[in-house]
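Listed here are the chains, written in short residue letters.
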Amino acid sequence: MKMKGWLLAGAALVASAAWAVDGTEYRAAVLRVDVPNRPLPISRLDVPPEDLGFAGATLGTADNATTGSFMGQKFTTETVIATPETAEAEMQKLVDAGIWWIVVMADADTTVKLADIAGDRALVLNAAATDDTLRAEGCRANLLHTAPSDAMLTDALAQYLVWKKWDEWFLIEGSHPEDKALAEAYRRAATKFGAKIVEERVFEDTGGARRSDSGTVQVQGQMPAFTQRAPAHDVVLAADRSDVFAVHLPYHTWEPRPVVGSAGLTPESWHPSHEAWGATQFQTRFERQAGRPAQDEDYQVWMALRVLGEAATRTQGGDFAAIHDFVLSDGFDLAAFKGQKLTFRDWDGQLRQPILLAYDKVVVSVSPQAEFLHQVSQLDTLGIDRPETQCKK
Amino acid sequence: MRPAQFGILLASVAFAAGPALAEKIFVSNEKGNTVTVLDGASHEVIHTIEGMQRPRGITASPDGKHVYVCASDDNLVRVYDAETYEELPSLPSGPDPELFVLHPSGNPLYIANEDDNIVTVVDVETRQVLAEVPVGVEPEGMGVSPDGKIVVNTSETTNMAHMIDTETYEIVANVLVDSRPRFAQYTPDGKFLLVSAEIGGTVSVIDTATNEIVKKIGFEVPGVLPEALQPVGVRVTADGAKAYVALGPANRVAVVDLGTLEVTDYLLVGQRVWQLAFSPDGKLLYTTNGNSNDISIIDVATDKVLKSVQVGEQPWGVVAVP
């Protein structure tokens, strides 16, 4: 019954002048670069699922295929796991196989290297790295970002804190370079939206196991002491990309203040509790297929593949050049359960998107906050705007 | 609006419209888990129906005797006696029903199942599922041609209007529209189909003879962010002269001249205006305003917003019965 329906639909399409069954097959790939022996997260709830990102790819491909069944288009997605050592060879293989839509989940440095291998033969979509450098000096003409940038994430949180009049921040940053970069993004956001960082401290990563049977005993003594004697502040802001200390801050701070940033209220592209704007449909579709809630990376990979699907639908049989041009044109927009159309910034390839501010159970707010206006798109109040960009691609 | 002016307008409407004694308005309250019943003449709340989860789409039988409600989180269609509010046996709906449309004859009911990419066809008398038609991703809007031969489903992620033959349950055509199509409404003569695209920000006008889009109507309101202009509910006057388009978070209803296909006016209503319904005589238009928990009442002859009435929490859909 179902197959028959589709076939008949296809026949009707052939008959209608408005429709062409183009028979195109769109091949995409998701290349995930896993770093071996990475320290375990503090919380066992944060252990990444084995199919992180790939589950988003499965759903994105299925969604594209359903639409494609009405268009005579096929969608396939190859998934590849690499290490930092094998990533470049794997990328070369994909490009040599003629795949020109490659979603990458890797750190910033690796992502740039992979984009350079792809060159003008493939479009690379960054679905994991939030580093601002990738949208600035590390930007590439063939590199688009469905992952939000650190500047967008930190601006999103800053807007809410300023709206809440919690504008005196106690910033605690980790000791790794990526923590420093995130802290720098928060400093930039504070300046941009008029918040004041009243105190800064660095939480040194002294190594050792993240967890032990008697772990909480030490934490309960350590964290209050670490946050003691700070000037008056509204929030404790954690910049801890490395997951060394932030999740231990809530309920352990010297002063009774909310924790925001890398723990407590966190800015994210996706959250399993998000239900507005039809998001429930994504959640239930994803969970039924993957058997677990969707994470940011799953959503970002799903978007990267839906961009291809949307462009294939609109260009009706478009090749690499046609799809590439369309995605970056004014005619492109993506609906992705955020209440408004998502488009790419032409100056750095970043996908504009609202950011969810969530804690463990619910989405608390969604930025941009309504009070922050912009002459072009309110979404450009988040992240690096055209006049500020350092991208010279 | 000043109170004195308000009173006069209200009086004149009640007089001019002259609705039948039993006329009632049913409003589904998505968050309130209730249906609010208002008197069609006084526009006062006269009853609240409880006992359903996440009611969204709402419609009535052509004779006005039965009210059907998509109880999305109950995964069924609840049926109520419009006179006594007694709950009648429910209809199977498939999972997460959001919107539906009744065949002009009053049977069957065509239901969009968002989670399953299908349209479920249900006989409202035998309460049997007659067919499940596979459509695009996240089916949402449902419309039916005036002659009852074609039922239209819009799929929000596939971005198409799927034309389904009501005899064979086969898709006979697909029309690509803008992003996130929410609602499908035929003109009374069946010559055109209007499809709203919430994220795309347009209403596509489709010529039903050729299944080609003859125009995409855009919207522009000074002082309102373009991304807030999100068309959702659409209704067409019985004479086919005008269409009304609910613009969601823009808090406005656009008036479209169907002769020129141009927007002639924007009417300020409540917050997050979602769905629309005419009074049985077609003289009034009711809007559900999800974020201000009220309905707005518009005079169709003058395109003036007459008043708003508080209903339940997050009103979603509305239907009026004689």
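As the structure is a prediction and not an experimental result, all values here were calculated from the model.

Per the secondary structure count, chain A includes 10 helices and 12 strands. Relative to the globule expectation of 21 Å for 393 residues, the C-alpha radius of gyration of chain A, 22 Å, shows essentially globular dimensions. Considered along the principal axes of its C-alpha atoms, chain A spans approximately 75 × 45 × 45 Å. Averaging the locations of the 38 positively and 54 negatively charged side chains of chain A gives two centres separated by 4 Å.

The helix and strand inventory of chain B stands at one helix and 28 strands. Against the compact-globule benchmark of 20 Å for 322 residues, chain B has a radius of gyration of 18 Å, which places it among compact chains. By principal-axis analysis of the C-alpha atoms, chain B measures approximately 55 × 45 × 30 Å. Counting all 322 residues of chain B, 63% fall into the buried class.

Residues and elements named next belong to chain A. Applying the stated criterion to the full structure yields one disulfide over all chains. Two residues share a disulfide in this structure: Cys-139 and Cys-391, whose sulfurs sit 2.0 Å from each other. Looking along the S-S bond of the Cys-139-Cys-391 disulfide, the torsion reads about 90°, which is the right-handed sense. Of this pair, Cys-139 sits in the loop between β4 (123-126) and β5 (143-145) while Cys-391 sits in the segment after β12 (363-367); the two residues are 252 residues apart in sequence, bridging distant segments of the chain. Comparing Cys-139 with Cys-391 shows no difference in burial state: the two are buried.

Now for the nonpolar core. Residues and elements named next belong to chain A. Core analysis: the biggest nonpolar cluster contains 65 residues, and Met-91, Trp-101, Val-103, Phe-282, Ile-323 and Val-327 have the highest contact counts within it. Among the elements that make up this core, the one with the highest residue count is helix α9 (residues 296-315) (10 residues). Once residues lying within four places of it in the same chain are set aside, the contact partners of Trp-101 are Arg-27, Ala-28, Ala-29, Leu-123, Leu-125, Ala-304, Leu-305, Val-307, Leu-308, Ile-323 and Val-327. If you look at the next biggest cluster of nonpolar residues, it comprises 25 residues, including Ala-158, Trp-169, Ala-189 and Phe-372.

All names here are of chain A. Along its sequence, chain A is organised into domain 1 (20-148 + 271-353) and domain 2 (151-268). Opposite the 14 residues of domain 1 that make contact, domain 2 presents 13 residues. Both sides together, the interface formed by domain 1 and domain 2 hides about 1300 Å², and carbon and sulfur atoms give 56% of it. Scanning the region where domain 1 abuts domain 2 turns up zero salt bridges. Its residues placed into classes, the side of domain 1 that touches domain 2 shows six nonpolar, four polar and four charged.

Let us now look at the environment of Phe-337 of chain A. Inspection of the secondary structure assignment puts Phe-337 of chain A in the loop between α10 (320-327) and β11 (355-358). Separated by 100 residues in the primary sequence, Phe-337 of chain A and Leu-237 of chain A have C-alpha atoms spaced 28 Å apart. Not counting chain neighbours up to four residues away, the residues in contact with Phe-337 of chain A comprise Trp-270, His-274, Ala-276, Trp-277, Gly-278, Ala-279, Phe-282, Arg-285 and Trp-302 of chain A together with Glu-138, Thr-157 and Arg-180 of chain B.

It is worth spelling out the confidence of the model for chain A at this point. Taken as a whole, chain A shows an average pLDDT of 91; of its residues, 92% reach a score of 70 or greater. Confidence over residues 1-20 of chain A falls short of pLDDT 50; this stretch has 33 contacts with residues more than four positions distant or in other chains.

This next bit is on the pairing of strand β13 (residues 150-155) of chain B. All names here are of chain B. With respect to burial, β13 is a largely interior element, five of its six residues being buried. Of the strand pairs in this sheet, strand β12 (residues 139-144) and β13 are connected by four bridges, and their pairing is antiparallel. Within the sheet, the bridge partner assigned to Pro-139 lies in β13 and is Ser-155. Where β12 folds back onto β13 in an antiparallel hairpin, the turn is made up of five residues, including Gly-148, whose phi is positive at roughly 75°. Inspection of the sheet shows β13 paired to strand β14 (residues 160-165) by six bridges, in the antiparallel sense. If you follow Ser-155 over to β14, its bridge partner there is Met-160. Counted along the chain from β13 to the antiparallel partner β14, the turn is four residues long, and its residue Asn-159 has a positive phi close to 65°.

All names here are of chain A. The tally for this structure, following the rule as stated, stands at 19 aromatic pairs over all chains. Aromatic pair Tyr-26 and Trp-100: ring centres 6.3 Å apart, planes at 85°, arrangement edge-to-face. Taken as a pair, Tyr-26 in strand β1 (residues 25-33) and Trp-100 in the loop between α3 (87-96) and β3 (101-105) lie far apart in primary sequence, 74 residues in all. For Tyr-26, a relative accessible area of 1% translates into the label buried. Residue Trp-100 is classed as buried on the basis of its relative accessible area of 19%. Ring centres of Phe-203 and Phe-226 lie 5.0 Å apart, and the angle between their planes is 65°; this geometry places the pair in the edge-to-face category. With Phe-203 in strand β7 (residues 196-203) and Phe-226 in helix α7 (residues 215-226), this pair connects stretches of sequence that are 23 residues apart. Residue classification places Phe-203 among the buried positions, given a relative accessible area of 10%. Following the ring pairs from residue to residue traces out a cluster consisting of Trp-270, Phe-282, Phe-286, Tyr-299, Trp-302 and Phe-337.

The next subject is the interface of chain B and chain A. Each side of the interface is counted separately: chain B has 36 residues, and chain A has 37 residues. Around 3000 Å² of area is buried between chain B and chain A when both sides are counted, 51% of it from carbon and sulfur atoms. Applying the counting rule to chain B against chain A returns two salt bridges. If you look at where chain B meets chain A, you find 13 residue pairs in polar contact (both at pLDDT 80 or more). Sort the elements by how many residues they give to the side of chain B that touches chain A and strand β15 (residues 171-176) of chain B lands first, with five residues. Within the side of chain B that touches chain A, the residues separate by chemical class into 13 nonpolar, 11 polar and 12 charged.

Before going further, it helps to examine helix α5 (residues 150-163) of chain A. Since one α-helical turn is 3.6 residues long, residues separated by three or four positions face the same way. Residue and element names in this part refer to chain A. With 14 residues, α5 should reach 20 Å at 1.5 Å per residue; the first-to-last C-alpha distance of 20 Å fits that figure. Of all 14 residues in α5, 12 are buried; the element is thus mostly enclosed. By the burial criterion, the buried members of α5 are Asp-150, Ala-151, Met-152, Leu-153, Thr-154, Asp-155, Ala-156, Leu-157, Ala-158, Gln-159, Tyr-160 and Leu-161. Lys-165 lies just past α5 and shows a positive phi near 65°.

The next point concerns unusual backbone geometry. The residue after Ser-367 of chain A, namely Pro-368 of chain A, is reached through a cis peptide bond having omega 10°. On the secondary structure map, Pro-368 of chain A appears in the segment after β12. With an omega of 0°, the peptide bond between Asn-107 of chain B and Pro-108 of chain B qualifies as cis. Although it is not a glycine, Asn-37 of chain A adopts a positive phi angle of roughly 60°. With respect to the helices, strands and loops of the structure, Asn-37 of chain A is situated in the loop between β1 and α2 (54-71). Asn-37 of chain A gets classed as exposed once you look at its relative accessible area, which sits at 78%. We note that Gln-316 of chain A has phi near 50°; this positive angle belongs to a residue other than glycine. With respect to the secondary-structure elements, Gln-316 of chain A resides in the loop between α9 and α10.

Calculation notes
Residues numbered from 1 in each chain as written. Chains lettered and ligands numbered in written order. Predicted model: local features only at pLDDT ≥ 70, side-chain atom pairs only at ≥ 80, totals over all residues. Heavy atoms only, no water. Helix = DSSP H or I, 4+ residues; strand = E, 2+ residues; numbered from the N terminus. Rg over C-alpha atoms; globule rule 2.2 N^0.38 Å. Lys, Arg positive; Asp, Glu negative; His and termini not counted. Charge placed at Lys NZ, Arg CZ, Asp CG, Glu CD. Buried < 20%, exposed > 50% of the residue type's maximum accessible area, 1.4 Å probe, protein only. Disulfide = S-S within 2.5 Å. Core = buried A, V, L, I, M, F, W, Y, C linked by side-chain atoms within 4.5 Å. Contact = heavy atoms within 4.5 Å. Domains from an automatic or database assignment. Buried area = accessible area lost by both parts, 1.4 Å probe. Salt bridge = Lys/Arg side-chain N within 4 Å of Asp/Glu carboxyl O. Nonpolar A, V, L, I, M, F, W, Y, C, P; charged D, E, K, R; others polar. pLDDT = per-residue confidence, 0-100. Pairing = 2+ DSSP bridges. Phe/Tyr/Trp six-rings, centres within 6.5 Å; stacked < 30°, edge-to-face > 60°. Polar contact = N/O pair within 3.5 Å; in protein donor to acceptor, adjacent residues only side chain to side chain. Expected span 1.5 Å × (residues − 1).

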